[in-house]
Amino acid sequence: MDEKTEELRDIFMDVTDESTVTERQEESHGSLSSEAEVEERLREVVARMRDRYDFGTTLTDEELVTVVRGFYAGDSDADIARELDDESLGKTVSRARIDLHLLRETDFDAPFDLDELRELLEDEVTNAEAAEQLDVSESTVRKYRRVVETEQERLTVSDQFRDEFENILKDRELTDRMTEEAQKDGLEDATEGMETNVSF
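If you're wondering where the values come from, they're calculated on a predicted model, not measured in any experiment.

1. Some points on the packing of helix α7 (residues 114-122) against helix α8 (residues 127-134)
Relative placement of two packed helices is described by the angle separating their axes and the distance separating the axes. Two elements in contact, α7 and α8, have axes whose closest approach is 11 Å; the angle formed by their N-to-C orientations is 145 degrees. α8 is crossed by α7, and the crossing has right-handed handedness. Packed against α7, whose contacting residues are Glu116, Leu117 and Leu120, the element α8 presents Ala130, Gln133 and Leu134 at the interface. By residue class, the composition of the contact of α7 with α8 is four nonpolar, one polar and one charged.

Spelled out as structure tokens, the structure:
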């Protein structure tokens, strides 16, 4: 039972000397997704992705969950790196985010036409050959090659993993709203009919 629920219980007990609503609240609260359950479900999706794909990230599954949460909270890679207590992790977060199929529009802002890179990759050219033809560095080719390959991975599984992340976080958001509304309704029910005696 969290602090707010305890406060509601105390108010209700003071007003009615009954505990039936508190019992119902405890039962309903137990059926809602807890923060620990959300964390575990996100970790399970991350672990399945790590098993299936060749992750280049050095981050742990727990840290990758932080990346997922930050991405859906609208945080930048730098913000997520700060959340991980290491601002130097900006590039690491970016690579990890791409491993997790969490692409941003800015990931496609290449200094060349990505369709050209897609065609070169279909022809199975090396990074060095692609770099020469696109007149960019090999590191730039590696960066956007990962974006293109991740885009293809997403299409292959019909964005399955992103859908799972979103569903888990939407469930949590819905749970938070339901809990907030239940607490609000409980407070209103508990205080209904109370006389306000304020002297100035």
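Having seen the model, we can carry on.
2. With respect to the environment of valine 148
Tracing the sequence through the fold places valine 148 in helix α9 (residues 138-156). Using a relative accessible area of 9% as the deciding quantity, one classes valine 148 as buried. Setting aside its immediate chain neighbours within four residues, valine 148 contacts Leu114, Leu117, Arg118 and Leu121.

3. Topic: α7
Buried residues of α7: Leu114, Leu117, Leu120 and Leu121, and no others. Projected onto a plane normal to the axis of α7, the buried residues spread over an arc of 115 degrees and lie on a single side. Across from the buried face of α7, at angles greater than 90 degrees, the exposed residues are Glu119 and Glu122. On its buried face, α7 sits against α8 and α9. Trailing α7 by a residue or two, glutamate 124 shows a phi angle of about 60 degrees, which is positive.

4. A look at the side chain of glutamate 153
In this fold, glutamate 153 is placed in helix α9. Not counting residues up to four positions away in its chain, the partners in contact with glutamate 153 are Tyr53, His101 and Arg146.

5. With respect to the environment of methionine 49
Within the secondary structure, methionine 49 is located in helix α3 (residues 35-52). The class of methionine 49 is buried, set by a relative accessible area of 0%. Separated by 51 residues in sequence, methionine 49 and leucine 100 place their C-alpha atoms 7.3 Å apart. Non-local contacts of methionine 49, meaning those with residues more than four positions away in its chain, are made with Phe55, Asp99, Leu100, His101, Phe161 and Phe165.

Calculation notes
- Here the residue numbering is sequential within each chain, running from 1 through the sequence in written order.
- Whole-chain, interface and lining totals are the exception, using all residues; otherwise, since this is a predicted model, local features are given only for residues with pLDDT of at least 70 and side-chain atom pairs are given and counted only at 80 or more.
- Only hydrogens and water are set aside; all other atoms, that is, all heavy atoms of the structure, feed into the side-chain values.
- Every axis corresponds to a line fitted to the C-alpha atoms, with the helix fit spanning only the stretch in contact, and the corresponding angles, defined between N-to-C directions, vary from 0 to 180 degrees.
- Runs of H or I in DSSP of at least four residues are treated as helices and runs of E of at least two as strands, each being numbered from the N terminus.
- The handedness criterion is simple: a crossing whose near helix is rotated anticlockwise from the far helix by less than a right angle is left-handed, and one whose near helix is rotated clockwise is right-handed.
- Note on definitions: a residue-residue contact is assigned when non-hydrogen atoms from the two residues lie within 4.5 Å.
- Under the convention adopted here, Pro, Cys and the residues Ala, Val, Leu, Ile, Met, Phe, Trp and Tyr are nonpolar, Asp, Glu, Lys and Arg are charged, and Gly plus all remaining residues are polar.
- Throughout, exposure labels follow a simple rule: accessible area from a 1.4 Å probe, protein chains only, divided by the maximum for the residue type, with under 20% read as buried, over 50% as exposed, and the rest as partly exposed.
- Starting at the helix axis, one direction is taken to each C-beta atom, and the arc is that of these directions.

In short, geometric facts, not functional conclusions.
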